[in-house]
Structure formats: structure tokens, C-alpha cells
Amino acid sequence: MLLYTTYKYCSIKSRSLGLFYCIGVASVVVYTIITLIVNKGYLRIDASPHGSIALISDSLNGNLSVPYEHYCCHGNDTCDVPCYSVDGKELAWPIETDAVTISTFFKERRQTIIHDTGNILLSNEDEVKYYAKTPEAMDIKVEHSIHSYLLGVTGTQRTMSGRLLDSTGTYPIKTFTSRDRADRISLHDFIRASPNFESLDDRSDSPNGNGRSFRRKGCLLLVTITYDNMSGVWFGTSSLTYTYTVERVPLTPYRVEDVTYSPDYLAQSPAIRYTTPHGRLLRKRYGVHVKFTQVGTIGVFSFGELIHVLAMSGSLVTLITGVGDIIALYLLPQSPYYRHVIYGMGQGDLVDHAREEEEEEERKKK
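First, a word on what this report is: a plain description of the structure on this page. (Residues numbered from 1 in each chain as written. Predicted model: local features only at pLDDT ≥ 70, side-chain atom pairs only at ≥ 80, totals over all residues. Heavy atoms only, no water.)

## Digging into the side chain of Ser14
Working step 1: Within the secondary structure, Ser14 sits in the segment before helix H1 (15–38).
Working step 2: A distance of 3.3 Å separates polar atoms of two side chains, one belonging to Ser14 and the other to Ser16. (Helix = DSSP H or I, 4+ residues; strand = E, 2+ residues; numbered from the N terminus. Polar contact = N/O pair within 3.5 Å; in protein donor to acceptor, adjacent residues only side chain to side chain.)

As C-alpha cells, this is what we get:
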């Protein structure tokens, strides 16, 4: 029962079979080199690390000069939309976990709410419209971190270097190397980094844009933070780095609404608030909604992955050898002879059979 079967070692002088074997082995060698050197198959890779992000609105960047005269009124009777300087904290609202909206255009309407036998009636006053002055100069502070539970690798923007790439995704617009503060990026920089988006004054592609600009209708920018420690070195890994890339989502205007009440009204009891007339301010904000996502590919050296690649390469060589054996034993014109040699003859029988074939060929020539 306990047997071990092996085959005889034979050299078959067949050019076609030898060429097949050499090409197969060479392909395996090339595959192994590409897997180990180019694709870094010796690394254990986490392609979906977990990230966290914190956004903080900052004041307007006074060092950034952005022209605004072309969309603001300056005593012109034909212009009906003025332009006001809005505080940075009010301009960047609302701030979410992974997004912030920078307002560019406002519509305000004062309303009086009247409670009448369970019904709510609204009395609207005239609507006021105005632009925010130079919202492009608004700075956003970005603090972010990344963690790989699979590999046990952690990094924050304070321990990494980063870049904001241009609209082609090739050249950096800004670099970040500070270890003592968050990344400060202005809306102007985000617009510069977005393909097919030159200015807020470009014509909006919103379905209901009616020829108005992005400044008037708003838009959505997707900012992707990509983490990597595998690029830039031909072998092994490097320090964790990150890049910002920006893309404007087409056909997507953006608007939010908020309601403001007077402090006196909020100080009253619900019984009074919801039974007596009161006023409020309804504000519609149009602006640039900047949403952040975090992705990345992180790798660490793994001896197990290296063994896996080498074992795979060895298995492929064995597979090529097995295919060559099948071709030799069953598909070539001399296959019956090869089978007889491998399974039934010794070395002396092989020499005698070869001599017999030569004598047979000589008889045929005569």
C-alpha cells in the first residue's frame, strides 16, 4: 500500500518541445520578477485602511488677493445684487464630519409666523440677495489620520508629508510638511486643483442654472486624500505620505437653508412661542460644498507573502514540465516510443532501439 511512484529521467532531443519548455520557464521568471520588484509581492498590503478627519473653518486669507469688482455692485443703478464681507465663521457653514460648505451667495427673507387655530401662516417680506465678498480666500484647516487594523500602521498629517496636486494630478500646488499645525487650504486652491473648473464665475452646468455662474448656483467638490508608502522607492517601503486630489461633480448645484430667531423669542416658553406671532429670518445659502474621502494602499514586508510568490513560481514551472510530459507522451509522432521508453525500457533497450531505427532508415534509403 505504501508506495512511491517516480518516472525515469530522459532527455528528448525535440526542438519544438525544448522551445516550449524554455519559453514557459522564461515566462515564469519574468512573472516572478514583475511580481516581486514591480508589484512588490513580498509586501502584505491593506488597500482599505480606516481614516478619520476633522475640519475647522478659518478666517479669510488676507494674503490672497482675489478680484471681486466684476460681480459686486458699486453704486451702479443697473446692478441689483450687492456684495458684503462675511465673517469666516459664518461663511463656512455648516461644517460636517467630512465636509464643509463655503457660502458664495445668499438669499434672505424675513417671515412672520402666525398660529391660527392649529394652522401656521407665513407672512413674507421682500427677499434680499447678496454675494459674499471673496469667498475664494476662505481657508479650511484639515486634520486627518489613517490607521490599518490589518497591518498595525498608524499615521497623522502631523507625522506625514503631503501635497495638493494640480488639475492634471501630476504637479503639486502646495506642499505640507508642518508638524505643529493643520493643513490650511483655501477654496481658491481647491478650485485650481479641480479639472474643468477655472473659476466660480464660470457658467454653471446645473439643469436649472439658467446661465448663472457657479458663484450663484453653487457646486460640489470631492476631495480625495490618498495615503501611500509604496511609491517612490524601487524596493521596500517608504514613509507614509498623502496627496489631495480634487474633482468637481458635474450637474450638481448646492444650496442649504437655515432659520434664525431672535434671542428674545428663544427665551420664551414653548406655550408662548407656538401660540403667538413671531418673526424669523430664512436664509438660503448657495456655495461650494467640499466633501472629503480617505483612501490608500499601505504595505509592510511579509516573509509569508514572499514564500507564497516563490511557491507559486515553482508550481508554475512544475506545471510547464507536466504539460511538456503530456505533449511528449501523447501528442508527438514518437509518443508511443517515448511511452515505451519511460514505462517499459531500460537504458540498454533505448540504445538498441535507436540502433534499430538507424538500420531501418538505411534499408529504406537502399
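After that view of the structure, there is still more to cover.
## Digging into the nonpolar core
Working step 1: Among the nonpolar cores identified, the biggest contains 40 residues, and Phe190, Tyr244 and Phe292 are the most heavily contacted of them.
Working step 2: For this core, the elements supplying multiple residues, two or more each, are strand S2 (50–60), strand S5 (99–116), strand S6 (119–132), strand S7 (138–148), helix H3 (187–192), strand S12 (219–228), strand S13 (241–249) and strand S15 (278–301).
Working step 3: With five residues, S12 is the largest single contributor of residues to this core.
Working step 4: Beyond its immediate sequence surroundings of up to four residues, Tyr244 is in contact with Val142, His144, Arg163, Leu164, Leu165, Phe176, Asp183, Ile185, Val223, Thr224, Ile225 and Phe292.
Working step 5: Of all hydrophobic cores here, the second largest spans nine residues; its members include Leu17, Leu332, Tyr337 and Tyr338. (Core = buried A, V, L, I, M, F, W, Y, C linked by side-chain atoms within 4.5 Å. Buried < 20%, exposed > 50% of the residue type's maximum accessible area, 1.4 Å probe, protein only. Contact = heavy atoms within 4.5 Å.)

## Focus: the pairing of S15
Working step 1: Of all 24 residues in S15, 17 are buried; the element is thus mostly enclosed.
Working step 2: Two strands pair when backbone bridges link them, and strand S1 (residues 43–46) and S15 are joined in this way by four bridges, in the antiparallel orientation. Among the inter-strand pairings, Ile45 is bridged to a residue of S15, identified as Gly299. (Pairing = 2+ DSSP bridges.)

## Some points on helix H7 (residues 303–330)
Working step 1: Helix length check: H7, at 28 residues, gives a terminal C-alpha distance of 41 Å against a target of 40 Å (1.5 Å per residue), a fit within 8%.
Working step 2: Buried residues of H7: Val309, Ser313, Ile320, Gly324, Ile327, Ala328 and Leu329, and no others. (Expected span 1.5 Å × (residues − 1).)

## Notes on H1
Working step 1: In a regular helix each residue adds 1.5 Å, so 24 residues correspond to 34 Å; H1 covers 33 Å between its end C-alpha atoms and thus fits that length.
Working step 2: Of the positions making up H1, those classed as buried are Leu17, Gly24, Val28, Thr32, Thr35 and Leu36.
Working step 3: Packing partners of the buried residues in H1 comprise H7.
Working step 4: Positioned one or two residues after H1, Lys40 has a phi angle of 50 degrees, which is positive.

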